[in-house]
Amino acid sequence: TAVLAVNDPITFNGYEVYPILSTVQSNDFVSFFYPVNDRVESYLDAKELYSHRINMKQHQGKRKRKKQIEFDQVKHKAVQIKDDQRETFDIPPKVNDFLSALYYFRAQRSIEVGRSVFIDVHEGEKNWKLEILVLGKETVITPMGTFETIKTQATPHYEGIFLSKGDLYIWMTNDTQRIPVKIESKIKVGQITISIVSKQGG
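In this report, we go over the structure that sits alongside the text. Computed from a predicted model, the values in this text were never measured in an experiment.

Here is what the cut-offs are and how they apply
- Residues numbered from 1 in each chain as written.
- Predicted model: local features only at pLDDT ≥ 70, side-chain atom pairs only at ≥ 80, totals over all residues.
- Heavy atoms only, no water.
- Helix = DSSP H or I, 4+ residues; strand = E, 2+ residues; numbered from the N terminus.
- Rg over C-alpha atoms; globule rule 2.2 N^0.38 Å.
- Buried < 20%, exposed > 50% of the residue type's maximum accessible area, 1.4 Å probe, protein only.
- Contact = heavy atoms within 4.5 Å.
- Areas by Shrake-Rupley, 256 points an atom, 1.4 Å probe, with all protein chains shown as cover.
- Lys, Arg positive; Asp, Glu negative; His and termini not counted.
- Charge placed at Lys NZ, Arg CZ, Asp CG, Glu CD.

**So, the overall build of the protein**
- Summing up its helical and strand segments, the protein has two helices and 15 strands in all.
- Whereas a compact globule of 202 residues would reach a radius of gyration of roughly 17 Å, the protein reaches 17 Å, a difference of no more than 12%.
- Projected onto the principal axes, the alpha-carbon positions of the protein cover approximately 45 × 45 × 35 Å.
- Out of the 202 residues in the protein, the part that is buried amounts to 39%.
- Across the protein, every contact between residues at least 6 apart in sequence was considered, and the portion connecting residues at least 24 apart equals 37%.
- Within the structure as shown, the protein displays about 12300 Å² of accessible surface, and the carbon and sulfur contribution to it stands at 49%.
- Averaging the locations of the 28 positively and 25 negatively charged side chains of the protein gives two centres separated by 2 Å.

Structural data, given as structure tokens:
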């Protein structure tokens, strides 16, 4: 079960931000083979749509990690706290984390089939470009209903090198909200498909 939520705006370091929450949890059967229990929270600037902070607590299979990255968008520095170790990295202006990047893309007014949107992202102690290519328009059937969507492919690049360990496809409603209704991604043990089952608010 995966949940994406945008909570009411709060003030963080003098900026109005939207706390964005992503949680993913495997059921009992899947957990026997490959347990997944992820919680990621990003603070998205309400005006400029860049990240101020990301908190991650993830458990995937035997891999566990917990870290926090705070972005100083004035001095262009990222301060990471991981395993009680503190490190500082240079970042480009208006950088996003991997979660806030999705919402930055969703807010773009002009999206064309065959065109890519490139987003500056800091993750994995590196700065890289996230390319989101609009592949086309598709009708998608989900447990919640049928949607007219745009199909996109997300590809991370670092210094021009393709980094993706597998393809990530996201289908979003073909309207101003661009609600993610289907996601497909490859993982070490195969492929996962996420389909929307309910929506509240918005």
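So that's the structure; there's more coming.
**Overview of the environment of Phe29**
- Along the chain, Phe29 turns up in helix α1 (residues 28-33).
- Given the relative accessible area of 61%, Phe29 is considered exposed.
- Here the alpha-carbon distance between Phe29 and Leu102, two residues 73 residues apart in the chain, equals 30 Å.

What is shown is where atoms sit, not what they do.
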